[in-house]
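Each chain, written out:
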Amino acid sequence: MSRPVGAALGRSGAVAVLVVAAAAFALPLVALLLFTFRVSGDPGALTLVHYAAIVDPAQEFTYDGLFRGLSNSLGICVVTVAIVLLVLVPTVLLVEMRYPAMRRVVEFVCLLPLTVPTVVLVVGFVPVYKVVSGAFGSAAWTLAFAIGVIVLPYAYRPIQANIAALDVVVLGEAARSLGAGAVPTVFRVILPNLRRGILSACLLTVAVVLGEFTIASFLSRTTFQTALFLLQQSDPYVAAIFSLAALVFVFVLLLVIGRLGSFRPSRRTS
Amino acid sequence: MTAASARIATATPRSGVGLLRRRSLGWWGFSPFAVYVLLFLAIPTVYAVASGFFTAKGEFTLSNFSAFVSPFIVTTFVNSLWLSAVVAAISAVLGAIICVALAGMDPEGWVRSAADSACSALAQFGGIMLAFAFIALMGAQGVLTVWLKQSLGLDLNSLTPNGPLLYQVGGLVFPYVYFSVPLMVLTFLPALTGLQSQWAEAAATLGAPRRVYWTRIAAPLLAPAFGGSTILVFASAFSSFATAAALIDQGGIVPLAIKQQVTSETIPGLANTAGVLALGMVVVMAVVMTVYAVLDRRARRWRR
């Protein structure tokens, strides 16, 4: 059977388009990789000196900001994942198990940050963070509250997709009719069935936090991205190395998420 | 059993007296989420949009909106809209071509799954790291720049009159298209693969040549989805900040102008220009997303 759309280009035409597209998209990444081996001022030569510089104790000071930014970002990751697990997940479960009528409201709220540009939100975060700094100090991890909002759509969708593939109400009733109380029902029946959706949500959260620049830049906090931005001005080569590393890391995260699979109704429910 | 009776059947066991009593208590379960969203989504958004209506002293005013006659602000908005439109147009065409090519591949094969992963990674790639990649490619010392100079004697950075191409609003088209094409592929491919082969077969049985199938059946079916995806690309380009911030120091497009206004108020006599700009962005986004919602509803009509 020939697929109706693919026939439009013909087999060889389609392959040609994809090869050209792949090459075009690889180009900036290859350029970034080549750049990490470049000798300043001599475009022909190649060197590993920029890689050596990262671990060179004599230059520790140059990359101090970057490592501080990286550790701040990891701290923000932890707090943001905690927000997803302790605020978003219970809310979604509450909606599914008790108040299905609220699903549209929660969905609307969770997807809203896609429509409100981050730059707009951040104008409002500036005064909010004057209050937050008063309460929690101005440590970098407090950014997690703001970034958690940006993360909402990315965390909500995989969890909701997982829920849509299950019948949470029937699962809950089955558990209860077998004598399980509310707490065991949630922790031993519902949550284990949602682990793939929740894991995807957490990994996406990490990917978004590591890539977040706007909020940290407006609120002048040191995170991985803002430190990278500063480093680019003093040592663009090492900035390129860390960009590539971060990119590979996020790509692996997304591959893992892809492996976790799409949430078609699973064997369990059939 | 009808859908309605199924709903009743699943609803009855939960309306026991014990549950009813706990039900009022259950609403408190929403409080963490509600408080969080109120503090960090509702208040910032309302503040950002409303601050444009107040003077520095906190009195209500509409005079801040005279910022919209300032040539600086007008140019900024025109730049942003123009940039997003060009990016959306280019990405829509390129993305659609890639989608057609992908649709011809085996849906379970490695090409499709690799393209899927690559697109979701690259669509997330907008940010300062993307800007670095393009600096390495076509900046003053970029790989492509050097290669073009050596092999063709063409200097990429003297093509435009006002300095290196990459560090101007026009140059943003390159990195923006780079993260927009994957977004277009991700959003448009489902519509394209949703075209059922039976429709093409039915048209062929009735004697329609391929051209007629494409112009009279496939194109009208795909038009709303194509338009919707293009609008999403426009919206993402319009609200993108990080890539531009890494390439351009001062102003030029709305997100950069907002940053400039937050760090230092530069238009004399006007307060909260950042708020005014933010309101302008929200209005543009509201219009764009409304159009998207309409197109999306039409596009869904033909999905299973």
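*Asks:* Help me understand the overall build of chain A in this model?
*Replies:* Across its full length, chain A holds 12 helices and 2 strands. Reading chain A from its N terminus to its C terminus gives the helix and strand order α-β-β-α-α-α-α-α-α-α-α-α-α-α. The C-alpha radius of gyration of chain A comes to 23 Å, more than 25% above the 18 Å expected for a compact globule of 270 residues. Across its three principal axes, chain A shows a C-alpha extent of roughly 75 × 65 × 35 Å. Within chain A, the fraction of its 270 residues that count as buried is 42%. In chain A, 79% of the contacts between residues at least 6 apart in sequence involve partners at least 24 apart.

*Asks:* Can you walk me through the overall build of chain B in this structure?
*Replies:* Helix and strand content of chain B: 13 helices and 0 strands. The 304 residues of chain B split such that 43% are buried. Sequence separation of 24 or more characterises 73% of the internal contacts of chain B that already satisfy a separation of 6 or more.

*Asks:* Quick question: what am I supposed to make of the interface of chain B and chain A here?
*Replies:* As a measure of interface size, the accessible area lost when the parts come together is often cited. Listed as interface residues are 66 residues of chain B and, on the opposing side, 70 residues of chain A. Among the residues making up the side of chain B that touches chain A, the classes are represented as 50 nonpolar, 14 polar and 2 charged.

*Asks:* Quick question: what am I supposed to make of the environment of glycine 172 of chain A here?
*Replies:* All names here are of chain A. Within the secondary structure, glycine 172 is located in helix α7 (residues 168-177). With 21 C-beta atoms packed within 10 Å, glycine 172 lands in the buried category. Sequence spacing of glycine 172 and proline 184 is 12 residues, and the spatial spacing of their C-alpha atoms is 10.0 Å. Beyond its immediate stretch of four places on either side in the chain, glycine 172 contacts Met97, Thr185 and Ile190.

*Asks:* Looking at this structure, how should I read the packing of helix α4 (residues 71-103) of chain B against helix α8 (residues 173-193) of chain B?
*Replies:* A pair of packed helices is captured by two measures, namely the crossing angle of their axes and the spacing between those axes. All names here are of chain B. Where α4 meets α8, the closest approach of the two axes is 7 Å, and the angle between their N-to-C directions is 45°. Judged on the interaxial angle alone, α8 and α4 are oblique. Here α4 and α8 pass one another in a crossing that is right-handed.

*Asks:* Would you take a moment to explain helix α9 (residues 195-211) of chain A for this structure?
*Replies:* Helical geometry note: an α-helix holds 3.6 residues per turn, so side chains three or four residues apart project in the same direction. Between the first and last C-alpha of α9 of chain A there are 24 Å, a value that for 17 residues agrees with the 24 Å anticipated at 1.5 Å per step. Of all 17 residues in α9 of chain A, 15 are buried; the element is thus mostly enclosed.

*Asks:* I tried to follow unusual backbone geometry on my own but got confused; where do I start?
*Replies:* The general pattern is negative phi for most residues beyond glycine and trans for most peptide bonds. Phi is positive for serine 220 of chain A, which is not a glycine, with a value near 45°. With respect to the helices and strands, serine 220 of chain A occurs in the loop between α10 (214-218) and α11 (224-234).

*Asks:* Hey, could you run me through the domain arrangement of chain A in this one?
*Replies:* Residue and element names in this part refer to chain A. With domains assigned, chain A is organised as domain 1 (6-52) and domain 2 (60-269). Relative to domain 2, the C-alpha centre of domain 1 lies at a distance of 31 Å. Tallying the contact residues gives 7 residues for domain 1 and 6 residues for domain 2. Of all elements in the fold, only α1 (11-35) and α2 (49-55) reach the threshold of two or more residues within the side of domain 1 that touches domain 2. The dominant element in the side of domain 1 that touches domain 2, judged by the number of residues it contributes, is α1, at 3 residues.

What counts, and at which threshold
- Residues numbered from 1 in each chain as written.
- Chains lettered and ligands numbered in written order.
- Predicted model: local features only at pLDDT ≥ 70, side-chain atom pairs only at ≥ 80, totals over all residues.
- Helix = DSSP H or I, 4+ residues; strand = E, 2+ residues; numbered from the N terminus.
- Rg over C-alpha atoms; globule rule 2.2 N^0.38 Å.
- Buried ≥ 20, exposed ≤ 12 C-beta atoms within 10 Å, placed from the backbone.
- Contact = placed C-beta atoms within 7 Å.
- Nonpolar A, V, L, I, M, F, W, Y, C, P; charged D, E, K, R; others polar.
- Axes fitted to C-alpha atoms, helices over the stretch in contact; angles between N-to-C directions.
- Parallel < 35°, antiparallel > 145°, perpendicular 65-115°, else oblique.
- Left-handed = near helix turned anticlockwise from the far one by under 90°.
- Expected span 1.5 Å × (residues − 1).
- Domains from an automatic or database assignment.

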